[in-house]
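Commentary on secondary and tertiary structure
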Amino acid sequence: MRVYISADMEGATGVCHRDHLMAGGQDYEAARRWLTGDINAAVEGALAAGATDIVVADGHATMRNVLLDQLHEAARLLQGPAQPSNREFGQLAALEHDRFDAAFLIGHHTRAGTEGGLLAHTWVGSLVREIRLQGEPASESRLNAAIWGHFGIPVALATGADDYCREVRDELGADLTVVAVKQALGTSAVITLTPPRAQALIREAAAASLRSLRAPLDVGTPVRVEIDFWRDDMRARAATLGGEPIGRTTLTFEGDDLPAVFRSVWAALAQALRDDPSFLR
Ligand SMILES: [Zn+2]
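Here the focus is the nonpolar core. By size, the foremost hydrophobic cluster in this structure holds 90 residues, and its most contacted members are Ile 5, Ala 42, Phe 104, Val 155, Ala 206 and Leu 269. Top contributing element to this core by residue count: helix α6 (residues 258-274), with 10 residues. No fewer than three residues from each of domain 1 (2-123 + 139-211) and domain 2 (223-280) sit in this core. Apart from residues lying up to four places away in sequence, Val 155 is in contact with Ala 103, Leu 105, Ala 145, Trp 148, Leu 172, Leu 176 and Leu 217.

Next up on the list: the sheet that holds strand β10 (residues 223-229). Across the sheet, five strands lie side by side as β6-β5-β10-β12-β11; this open sheet has antiparallel pairing. Of all strands in the sheet, those with a lone pairing partner are β6 (136-137) and β11 (244-246), marking the two edges. Where strand β5 (residues 128-133) and β6 come together, two bridges link them in antiparallel fashion. Considered in β6, the bridge of Leu 133 is made with Glu 136. In the packing of α6 onto the sheet, the strands contacted are β10 and β12 (250-255), and the crossing angle to β12 comes to about 155°.

The next point concerns the environment of Ala 270. Residue placement: Ala 270 occurs in helix α6. Here Ala 270 falls in the buried class, since 21 other C-beta atoms lie within 10 Å of it. In this structure the C-alpha to C-alpha distance between Ala 270 and Glu 254, which are 16 residues apart in sequence, comes to 18 Å. In contact with Ala 270, other than residues within four places in its own chain, are Gln 83 and Pro 84.

Right, let's get into the domain arrangement of the protein. According to the domain assignment, the protein contains domain 1 (2-123 + 139-211) and domain 2 (223-280). Taking only C-alpha atoms, the centre of domain 1 and the centre of domain 2 are 25 Å apart. Domain 1 puts nine residues into the contact, and the matching count from domain 2 is eight residues.

What follows concerns the packing of helix α2 (residues 140-150) against helix α3 (residues 162-172). Contact pair α2 / α3: the axes reach a minimum separation of 9 Å and the direction vectors enclose 35°. Crossing hand, α2 versus α3: right-handed. Where α2 approaches α3, its residues Ser 141, Arg 142 and Ala 145 are matched on the opposing element by Val 168, Glu 171 and Leu 172. By residue class, the composition of the contact of α2 with α3 is three nonpolar, one polar and two charged.

Reading the values: the criteria
Residues numbered from 1 in each chain as written. Predicted model: local features only at pLDDT ≥ 70, side-chain atom pairs only at ≥ 80, totals over all residues. Core = buried A, V, L, I, M, F, W, Y, C linked by C-beta atoms within 7 Å. Buried ≥ 20, exposed ≤ 12 C-beta atoms within 10 Å, placed from the backbone. Helix = DSSP H or I, 4+ residues; strand = E, 2+ residues; numbered from the N terminus. Domains from an automatic or database assignment. Contact = placed C-beta atoms within 7 Å. Pairing = 2+ DSSP bridges. Axes fitted to C-alpha atoms, helices over the stretch in contact; angles between N-to-C directions. Left-handed = near helix turned anticlockwise from the far one by under 90°. Nonpolar A, V, L, I, M, F, W, Y, C, P; charged D, E, K, R; others polar.

Below, the structure is given as structure tokens:
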């Protein structure tokens, strides 16, 4: 059995503040250990359930947060920034070349627009007010699940704060195994478990989640993704690569080829980010 892990940082044990999320911030190095510990627990659970190959995709910011020296030796690590040329779906990549049996979402978070959501955003918080998939607001987790689903890979496990666990079950189904490693108290405070306690829960849940797999997410066709940007100049930059502008700040992508639609979405976001004057952020 092969398991694909998408790892983000906002939902890792202990993480509650933007300092935890950025190199140079207070306790960022500690947050990297907490994140790596959560991932290792998921890897250990997967191994206990019979996994033979596990790929971890570091999907946060620079995408170089997971501590390789501390990562479980059974895992392989996908790291490096999400240029459309090397990580075509942003947090995910290489799915067409590698087939997996199940996916885990470790350390993920609520979507842009979730009221009071802990560190909530969708992919690029400075650009995106909301992303909708098939007309419904979608988190990074649902977007990733749609990509995995296209390749026949079901999401088995999701971990993060309790607000995220509620939202991701809402988006992906009440039968999804979740582990709340902390309780969200608004946008930047938590009551968190300690790493050993959180890891024990993740280890057990990861193993259990693989013993009876859920169905992959099928969003149907045509696939339609709508991006609401914060400002019209952001939309204008993104639209230079295609998409259909709607209203003043929305750009939509639609088609029957799901990977092609998602490739376009990520390329558009990367394009809008590339030329964003920093003084306007
Ligand atoms: Zn992140």
